[in-house]
Amino acid sequence: GQAALMEYMSSMYNAAEDKQGRVALPDTLVTDAGLEKDLVTVGMIDHLAIMNKSTREKKREQKSFAASMKILSDRIK
(Lines give C-alpha, C1' and ligand atoms only; values in the text may rest on other atoms or scores of the structure.)
Protein backbone atom coordinates (compact mmCIF):
# COMPACT_ATOMS: atom_id res chain seq x y z
CA GLY A 1 0.00 0.00 0.00
CA GLN A 2 2.81 2.43 0.85
CA ALA A 3 4.48 1.88 -2.54
CA ALA A 4 1.19 2.48 -4.38
CA LEU A 5 0.58 5.67 -2.38
CA MET A 6 4.10 6.89 -3.16
CA GLU A 7 3.54 6.31 -6.88
CA TYR A 8 0.21 8.12 -6.79
CA MET A 9 1.53 11.10 -4.83
CA SER A 10 4.67 11.39 -6.96
CA SER A 11 2.52 12.06 -10.00
CA MET A 12 0.99 15.21 -8.48
CA TYR A 13 3.81 17.72 -9.00
CA ASN A 14 7.30 17.65 -10.44
CA ALA A 15 9.94 19.52 -8.48
CA ALA A 16 13.59 19.55 -9.48
CA GLU A 17 16.63 20.31 -7.38
CA ASP A 18 19.10 22.97 -8.43
CA LYS A 19 22.89 22.52 -8.23
CA GLN A 20 22.85 23.41 -4.53
CA GLY A 21 20.18 20.82 -3.69
CA ARG A 22 17.36 23.33 -3.26
CA VAL A 23 13.87 22.40 -4.39
CA ALA A 24 11.63 25.02 -5.99
CA LEU A 25 7.97 24.57 -5.16
CA PRO A 26 5.59 24.75 -8.12
CA ASP A 27 3.85 28.14 -8.42
CA THR A 28 0.43 26.54 -7.95
CA LEU A 29 1.45 25.15 -4.54
CA VAL A 30 2.94 28.49 -3.47
CA THR A 31 -0.23 30.31 -4.50
CA ASP A 32 -2.64 27.77 -2.98
CA ALA A 33 -0.74 27.77 0.33
CA GLY A 34 -0.45 31.56 0.35
CA LEU A 35 3.30 31.30 0.87
CA GLU A 36 5.24 34.53 1.10
CA LYS A 37 8.85 35.55 1.76
CA ASP A 38 9.52 34.32 5.32
CA LEU A 39 8.86 30.59 5.55
CA VAL A 40 9.20 27.96 8.25
CA THR A 41 9.77 24.27 7.58
CA VAL A 42 8.54 21.90 10.30
CA GLY A 43 9.38 18.19 10.44
CA MET A 44 6.21 16.09 10.76
CA ILE A 45 7.75 12.62 11.32
CA ASP A 46 7.25 11.37 7.76
CA HIS A 47 6.87 14.64 5.84
CA LEU A 48 7.59 18.37 6.04
CA ALA A 49 5.15 21.19 6.56
CA ILE A 50 6.06 24.49 4.89
CA MET A 51 4.20 27.60 6.02
CA ASN A 52 4.53 31.34 6.42
CA LYS A 53 6.48 32.33 9.50
CA SER A 54 3.54 34.51 10.61
CA THR A 55 1.13 31.54 10.26
CA ARG A 56 3.40 29.40 12.45
CA GLU A 57 3.65 32.13 15.08
CA LYS A 58 -0.15 32.53 15.16
CA LYS A 59 -0.58 28.76 15.63
CA ARG A 60 1.91 28.80 18.52
CA GLU A 61 0.09 31.73 20.16
CA GLN A 62 -3.23 29.84 20.00
CA LYS A 63 -1.96 26.82 21.93
CA SER A 64 1.02 26.41 24.24
CA PHE A 65 3.56 23.64 23.81
CA ALA A 66 2.35 22.06 27.06
CA ALA A 67 -1.26 22.07 25.85
CA SER A 68 -0.23 20.46 22.56
CA MET A 69 1.74 17.76 24.39
CA LYS A 70 -1.28 17.03 26.61
CA ILE A 71 -3.48 16.54 23.54
CA LEU A 72 -0.88 14.23 22.02
CA SER A 73 -0.53 12.28 25.26
CA ASP A 74 -4.31 11.90 25.62
CA ARG A 75 -4.62 10.57 22.06
CA ILE A 76 -1.84 8.01 22.52
CA LYS A 77 -3.51 6.45 25.59
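Only a predicted model underlies this, so the values are computations on that prediction, with no experimental measurement involved. (Residues numbered from 1 in each chain as written. Predicted model: local features only at pLDDT ≥ 70, side-chain atom pairs only at ≥ 80, totals over all residues. Heavy atoms only, no water.)

### Some thoughts on the pairing of strand β1 (residues 39–43)
The pairing of β1 with strand β2 (residues 48–52) spans five bridges and is classified as antiparallel. Across the sheet, the residue bridging to G43 is L48, located in β2. (Pairing = 2+ DSSP bridges. Helix = DSSP H or I, 4+ residues; strand = E, 2+ residues; numbered from the N terminus.)

### Let's talk about the side chain of N52
As for its placement among the helices and strands, N52 is situated in strand β2. Looking at N52, the relative accessible area reads 8%, which means it is buried. Aside from chain neighbours lying at most four places away, what touches N52 is G34, L35, E36, D38 and L39. (Buried < 20%, exposed > 50% of the residue type's maximum accessible area, 1.4 Å probe, protein only. Contact = heavy atoms within 4.5 Å.)

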